[in-house]
Each structure stands twice: as structure tokens, then as C-alpha cells.
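Overview (structure and organization)
Listed below, chain by chain, are the residues.
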Amino acid sequence: MSKVIVTDHPLIQHKLTLMRDKNTGSKDFRELLTEISMLMGYEITRNVQLEEIEIETPVIKTKSKVIAGKKLGIVPILRAGLGMVDGLVSLTPAAKVGHVGLYRDPETLKPVEYYCKLPQDIEEREMIIVDPMLATGGSAVAAIDVLKSRGANSIKLVNLVAAPEGIAEVQKYHPDVDIYVAAIDEKLNDHGYIVPGLGDAGDRLYGTK
Ligand code: URA
């Protein structure tokens, strides 16, 4: 079974409370999401491999550690996932960024892929799928399906707020994928919104309705 890692650093909790507040406007909402994504990135990258290289400081020749091993690939689920990219990329500038777009078929209610552009060497990368809200889990499961079908061997899922229903769905279909969240909320309501949640993350990011 996959792990669920709750990155509940006090700074993250504080910023998430500001994001939840309905009076927080799009500019602040975007900035807060970027900041939280960066802070979550600290935990997400905790286990990246290091190697020792030789360098020369102004004082002496020495050995020191740099990141080695798998390179990262960051994949936002369009559109709200875009709001988590800048914070992560600022921490990991060598990461490549792919995009996956999904819409919900009105008849089957299942997510359907309408856009997919991924790094070529996806099978050699640690892929990180980002989407602020893990609600029913349908999009996350579909996005993981998309990456696996294109050859991804190592995938993490990163969400800001998750509903228990969404976590259970991802764990059911993809028990190999660890899930990083800033908070696990109470439940989904009848309209598929996370409660208490923060509303529609895409609309709040981009000022749409
Ligand atoms: N997507 C959102 O943006 N918000 C929710 O509460 C659920 C899904």
C-alpha cells in the first residue's frame, strides 16, 4: 500500500488557512499556492539520491554532495495543477515539466485525456503529478494511468488538500504511488467539493467562475 505523507509544517498550515478563506483574492491565492508548493517540495525531495564530488573551496580541496540519480519530471493536471509548478521548479530547476489535460465525459462521468505532452525520457525520471485538489480521485487515477502507459516507472502524487475518498481511490488503483498532501479534509459533498476545502481551485487561481 502506498504511503500518505501529510506535510503539515506550521508555515504550510498557516498559508493553507489563508487560501481556504473565501475573502482571499486570486493574486494572494496564486502566491500562497506557489509558496506552499515550494515548502512541500522540501519533503517531496527528501529522499533524492546524493553523490560526492570533488570541489575546491577558497580554503581547501574537499568532497561535497550534489544530487545524483533520477532526475525529476513535474506533471500538472490542467488547469489547477499549473499553480503548483513554479514553486516546485524553483527548487528543482533541472526538472522537466509535462502536462496532462483531462475532461469529464458528461455521459460516463469518467475522465478523458484531451492533452498530453511529457518528457521523452519519462521512464528514467521520478515523475511528480501535481493537482491542488484530490477530490473523487478520478483525475488523479487517470493521470497516473496516462503516465504509466507512456512508460513511467516511478510516480509520486502531490496535492494540497485531499478528501479521504480520493486517497482511497488512488490507493485502490495505484498502490505503488505515494501521495503527498498538505491536509486531509473531512469529506466530499454532494457536488464533489471537498469539505471544508477551499472551493474550486482553478477558479480561485485564475479568477474565473
Ligand atoms: N476540485 C476543486 O477545485 N475543488 C474541490 O473542492 C473539488 C475538486
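Here is a short report on the structure shown in this document. (Residues numbered from 1 in each chain as written. Predicted model: local features only at pLDDT ≥ 70, side-chain atom pairs only at ≥ 80, totals over all residues. Heavy atoms only, no water.)

Focus on helix H5 (residues 164-173)
Those residues of H5 not exposed but buried are Gly166, Ile167, Val170 and Gln171. The buried side chains of H5 occupy one side of the element, clustering within an arc of 130° when seen end-on. Lining the buried residues of H5 we find strand S1 (4-6), strand S9 (133-134), helix H4 (138-149), strand S10 (154-162) and strand S11 (178-184). (Buried < 20%, exposed > 50% of the residue type's maximum accessible area, 1.4 Å probe, protein only. Helix = DSSP H or I, 4+ residues; strand = E, 2+ residues; numbered from the N terminus. Arc of directions from axis to C-beta. Contact = heavy atoms within 4.5 Å.)

Describing the pairing of strand S3 (residues 61-67)
Within S3, only 0 of the 7 residues are buried, which leaves the element largely exposed. Pairing analysis gives 7 bridges linking strand S2 (residues 50-56) to S3, with the strands arranged antiparallel. Along S3, the bridge assignment pairs leucine 50 with isoleucine 67. Linking S2 to S3, which pair antiparallel, is a turn of 4 residues. (Pairing = 2+ DSSP bridges.)

A word on the packing of helix H1 (residues 10-20) against helix H2 (residues 26-44)
Running from N to C, H1 and H2 cross one another at 155°; their axes reach a closest spacing of 10 Å. The angle between H1 and H2 places the two elements in the roughly antiparallel class. Seen along the crossing, H1 lies across H2 with a hand that is left-handed. Of H2, the residues touching H1 (which contributes Leu11, Ile12, Lys15, Leu16, Leu18 and Met19) are Phe29, Leu32, Leu33, Glu35, Ile36, Leu39 and Met40. Taken together, the residues that form the contact of H1 with H2 break down as 11 nonpolar, no polar and 2 charged. (Axes fitted to C-alpha atoms, helices over the stretch in contact; angles between N-to-C directions. Parallel < 35°, antiparallel > 145°, perpendicular 65-115°, else oblique. Left-handed = near helix turned anticlockwise from the far one by under 90°. Nonpolar A, V, L, I, M, F, W, Y, C, P; charged D, E, K, R; others polar.)

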